[in-house]
Amino acid sequence: MDRKIISAALLIKKAKKVSALTGAGISAESGIAPFRGSNGIWKKYDPEEYAHIDSFMNNPAKVWKMISELLDIIFKAEPNKGHLCLSAMEKSGCLYSIITQNVDGLHQAAGSRNVIEFHGNNMLLICMACGKKIKTEKEIYRKIPPLCPCGGILRPDVVFFGEPIPQRAITESFAEAKSCDVMLVIGTSAVVTPAAEIPIIAKENGAKIIEINIESTPLTDAVANISIFGKAGEILPEIVKNL
Ligand code: APR
């Protein structure tokens, strides 16, 4: 493990531009369960029934039951050492950007500034009728589905399955992947596209890929130059110590 930590730190120190792609795993130590794996959210809620735009349109109250549970957990969550390390790396000039698949806002709460939210963010609700944007607060979604003052149903400003990724997020993320010379890939199962294409684009453009995960993923043998197995909140502080 130590040899890999030191090799990763060396790559980061020598790099001109480092980007990070993060997934649910970086927030696991903040108490937010990942989607897949033994304690995954998709074990409790079938994503086809609860995370697809068609399911939301057909039965917003049912989908809002899951959303409200996730929001209650997110509102209690604090950034963990993994988030804080990435924020410190940005401040010290060792990390240029974060592309996150997460919608929990914990990178920004940890102080990271250059964050591309590939799947949107739970902090805003949008009216399906008039388009009004309302800050997500417990009061608003106490009654589900929450309604806009105009009577329209509110939805979170996130990307459901079956919806396109916002063009700006795609353009910015792919530009980061093409221009970085090191990409950290932290806490993602790398199975959901187009996010899972980002490390591959980086690799194809000459970047070194450093994967941090508690288990192997499709990137481990095929794409990663260094795969460090362990918790992000424990590995990242070790890497930062060697920067
Ligand atoms: N440290 C590092 N990695 C971890 C940790 C941890 N403490 N805990 C879990 N992991 C890893 C798991 O091994 C897994 O590979 O994090 C990954 C989490 O995978 P997913 O739950 O699939 O989350 P993610 O990759 O972000 O999912 C992508 O799928 O469901 C959609 O929109 C949702 O953004 C999400 C997308």
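The structure under discussion appears in the preceding block.
Residues numbered from 1 in each chain as written. Predicted model: local features only at pLDDT ≥ 70, side-chain atom pairs only at ≥ 80, totals over all residues. Heavy atoms only, no water.

Draft legend 1. The arrangement of the packing of aromatic side chains in detail. Overall, the coordinates contain six aromatic pairs when judged by the stated rule. With 6.4 Å between their ring centres and 50° between their planes, tryptophan 42 and phenylalanine 161 make a pair best called tilted. Placement of tryptophan 42 in helix α2 (residues 41-44) and of phenylalanine 161 in the loop between β6 (154-158) and α9 (167-179) is noted, with a sequence separation of 119 residues between them. A relative accessible area of 31% places phenylalanine 161 in the partly exposed class. Between the aromatic rings of tryptophan 64 and tyrosine 141, the centroid separation amounts to 6.2 Å while the plane-to-plane angle is 25°, which identifies the pairing as stacked. Placement of tryptophan 64 in helix α5 (residues 60-76) and of tyrosine 141 in helix α8 (residues 138-141) is noted, with a sequence separation of 77 residues between them. The burial state of tryptophan 64 is the same as that of tyrosine 141; both residues are buried. Among the aromatic side chains, those forming a connected cluster through ring pairs are Phe35, Trp42 and Phe161. Sitting over the ring of tyrosine 50, lysine 62 keeps its end group 5.1 Å from the ring centre. (Phe/Tyr/Trp six-rings, centres within 6.5 Å; stacked < 30°, edge-to-face > 60°. Helix = DSSP H or I, 4+ residues; strand = E, 2+ residues; numbered from the N terminus. Buried < 20%, exposed > 50% of the residue type's maximum accessible area, 1.4 Å probe, protein only. Lys NZ or Arg CZ within 6 Å of the ring centre and 35° of its normal.)

Draft legend 2. Broad picture of the nonpolar core. Counting residues in hydrophobic clusters, the biggest one holds 26 residues, and the most contacted among them are Ile12, Leu86, Leu184 and Ile239. The leading source of residues in this core is helix α1 (residues 2-14), at five residues. Apart from the residues within four sequence positions on either side, leucine 184 is in contact with Ile12, Val18, Ser19, Ala20, Leu21, Leu86, Met89 and Ile210. The next biggest cluster of nonpolar side chains, apart from the first, holds 22 residues, and it includes Ile116, Ile170, Ala177 and Val185. (Core = buried A, V, L, I, M, F, W, Y, C linked by side-chain atoms within 4.5 Å. Contact = heavy atoms within 4.5 Å.)

Draft legend 3. The arrangement of the site of the ligand in detail. Around the ligand, the structure places 22 residues, and the nearest of them are Phe35, Arg36, Thr188, Ser189 and Asn213. Contact between the ligand and phenylalanine 35: an oxygen atom at 2.7 Å from a main-chain N or O atom of the residue. One of the side-chain N or O atoms of glutamate 215 is found 3.5 Å from an oxygen atom in the ligand. Notes on the ligand: free accessible area 730 Å², of which the protein chains cover 94%. (Near = heavy atom within 4 Å. Polar contact = N/O pair within 3.5 Å; in protein donor to acceptor, adjacent residues only side chain to side chain. Areas by Shrake-Rupley, 256 points an atom, 1.4 Å probe, with all protein chains shown as cover.)

Draft legend 4. Looking closely at the pattern of salt bridges. For the structure on display, the rule yields ten salt bridges. For lysine 62, the salt bridge identified is with glutamate 49, shortest N-O distance 2.5 Å. With a gap of 13 residues between them, lysine 62 in helix α5 and glutamate 49 in helix α3 (residues 47-50) connect regions that are remote in the sequence. Two residues, lysine 138 and aspartate 72, come together in a salt bridge whose shortest N-O distance is 2.9 Å. In this pair, lysine 138 sits in helix α8 while aspartate 72 sits in helix α5, placing the two residues 66 residues apart along the sequence. (Salt bridge = Lys/Arg side-chain N within 4 Å of Asp/Glu carboxyl O.)

Draft legend 5. Region of interest: the sheet that holds β6. Strand order across the open sheet formed by three strands is β5-β4-β6, with antiparallel pairing between neighbours. The two strands at the open ends of the sheet, each matched to only one other strand, are β5 (133-135) and β6. The mean inter-strand angle of the sheet, taken between neighbouring strand axes irrespective of direction, is 40°. Summarising the sheet, strand β4 (residues 120-127) and β5 pair through three bridges and their orientation is antiparallel. Opposite isoleucine 126, over in β5, you have lysine 133 as the bridge partner. (Pairing = 2+ DSSP bridges. Axes fitted to C-alpha atoms, helices over the stretch in contact; angles between N-to-C directions.)

Draft legend 6. Local environment of the environment of alanine 207. Note on placement: alanine 207 falls in the loop between α10 (197-204) and β8 (208-213). For alanine 207, a relative accessible area of 4% corresponds to the buried category. When the C-alpha atoms of alanine 207 and threonine 217 are compared, they prove to be 18 Å apart, with ten residues separating the residues in sequence. Contacts of alanine 207, omitting those with residues within four sequence positions, involve Cys180, Asp181, Val182, Ala202 and Asn225.

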